[in-house]
Amino acid sequence: SVGVSIMPLCVMAGGALVVDAALATGVAMSALAGVAYMAPSEQFLMWGGALGMACGGMMAMSLMMMFTQSPVLFNMWLYGGLLLNGALVLYQTQKIIHHAKVQQSYDPMNESLGIYIEAINIFQRILIILQGRKK
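Nothing here was measured: the structure is a model prediction, and the numbers come from that model.

Parameters at a glance
- Residues numbered from 1 in each chain as written.
- Predicted model: local features only at pLDDT ≥ 70, side-chain atom pairs only at ≥ 80, totals over all residues.
- Heavy atoms only, no water.
- Helix = DSSP H or I, 4+ residues; strand = E, 2+ residues; numbered from the N terminus.
- Buried < 20%, exposed > 50% of the residue type's maximum accessible area, 1.4 Å probe, protein only.
- Contact = heavy atoms within 4.5 Å.
- Lys, Arg positive; Asp, Glu negative; His and termini not counted.
- Charge placed at Lys NZ, Arg CZ, Asp CG, Glu CD.
- Core = buried A, V, L, I, M, F, W, Y, C linked by side-chain atoms within 4.5 Å.
- Phe/Tyr/Trp six-rings, centres within 6.5 Å; stacked < 30°, edge-to-face > 60°.
- Axes fitted to C-alpha atoms, helices over the stretch in contact; angles between N-to-C directions.
- Parallel < 35°, antiparallel > 145°, perpendicular 65-115°, else oblique.
- Left-handed = near helix turned anticlockwise from the far one by under 90°.
- Nonpolar A, V, L, I, M, F, W, Y, C, P; charged D, E, K, R; others polar.

**Digging into the overall build of the chain**
- For the chain, the count of helices and strands is five helices and zero strands.
- In sequence order, the chain lays out its α and β elements as α-α-α-α-α.
- Over its C-alpha atoms, taken along the principal directions, the chain stretches across nearly 50 × 30 × 30 Å.
- Out of the 135 residues in the chain, the part that is buried amounts to 33%.
- The contacts of the chain with a sequence gap of at least 6 include a subset with a gap of at least 24, amounting to 78%.
- Taken together, the 6 basic and 5 acidic charged side chains of the chain have centroids lying 14 Å from each other.

Below is the structure:
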């Protein structure tokens, strides 16, 4: 179902931009996960509350965009969402590491679903940015 929801965006963008967005997403995800993995303390785990509030703010911004055509609001949604999803990758990576250390029955597939969703969101936003630059 994720592929079906992304496909219209990919068809509109074209093959070259999809490949560029996929490479940029891979580099961004690898860099962010590497930073979170190498962080000396679990400092990104303390961001949970702030990230939750930021997600609520992004949802409110998305609802406001349904009723207005403000380019400023769109740019805040696009680039702010990219920044928020990057911060969520840092948080989710350290959460996975923490749970692997402390849980008795650790399920890596269930723990990794958040990272997967963040990768999809980052890919979509990078593709939208690249589409805007092509025009």
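Having seen it, we continue.
**What to know about the nonpolar core**
- One finds Cys10, Val18, Met29, Phe123 and Leu127 to be the most contacted residues of the largest nonpolar core, which totals 17 residues.
- The element that contributes the greatest number of residues to this core is helix 5 (residues 108-134), accounting for seven residues.
- Ignoring anything within four residues of it in the chain, the contact list for leucine 127 reads Leu9, Cys10, Ala13, Leu17, Val18 and Ala21.
- If you look at the next biggest cluster of nonpolar residues, it comprises 11 residues, including Met58, Leu73, Leu78 and Ile129.

**A few points about the packing of aromatic side chains**
- Tallying each qualifying case throughout the model produces two aromatic pairs.
- Where phenylalanine 44 meets tryptophan 47, the ring centres are 4.8 Å apart and the plane angle is 80°; that geometry is what we call edge-to-face.
- For phenylalanine 44, a relative accessible area of 7% gives the class buried.
- Aromatic side chains phenylalanine 74 and tryptophan 77 sit 5.7 Å apart centroid to centroid with 35° between the ring planes, which places their arrangement in the tilted category. With phenylalanine 74 and tryptophan 77 both in helix 4 (residues 71-102) and three residues apart, this pair spans about one turn of that helix.

**Observations regarding the side chain of glutamate 111**
- Tracing the chain through its elements places glutamate 111 in helix 5.
- Setting aside its immediate chain neighbours within four residues, glutamate 111 contacts Lys95, Ile96, His99, Gln103 and Tyr106.

**Some words on the packing of helix 2 (residues 15-38) against helix 4**
- At a closest axis distance of 8 Å, the pairing of helix 2 and helix 4 adopts a crossing angle of 45°. With respect to helix 4, the axis of helix 2 lies oblique. In the packing of helix 2 onto helix 4, the handedness of the crossing is right-handed. Every residue of helix 4 that contacts helix 2 at Met29, Leu32, Ala33, Val35, Ala36 and Tyr37 is listed here: Gly86, Val89, Leu90, Thr93, Gln94 and Ile97.
- Here the contact of helix 2 with helix 4 is built from residues that sort into nine nonpolar, three polar and no charged.

**Regarding the environment of lysine 95**
- Within the fold, lysine 95 resides in helix 4.
- On the accessibility criterion, lysine 95 (23% relative accessible area) is partly exposed.
- Spatially, the C-alpha atoms of lysine 95 and leucine 130 are 31 Å apart, while their sequence positions differ by 35 residues.
- Excluding residues within four positions of it along the chain, lysine 95 makes contact with Leu45 and Glu111.

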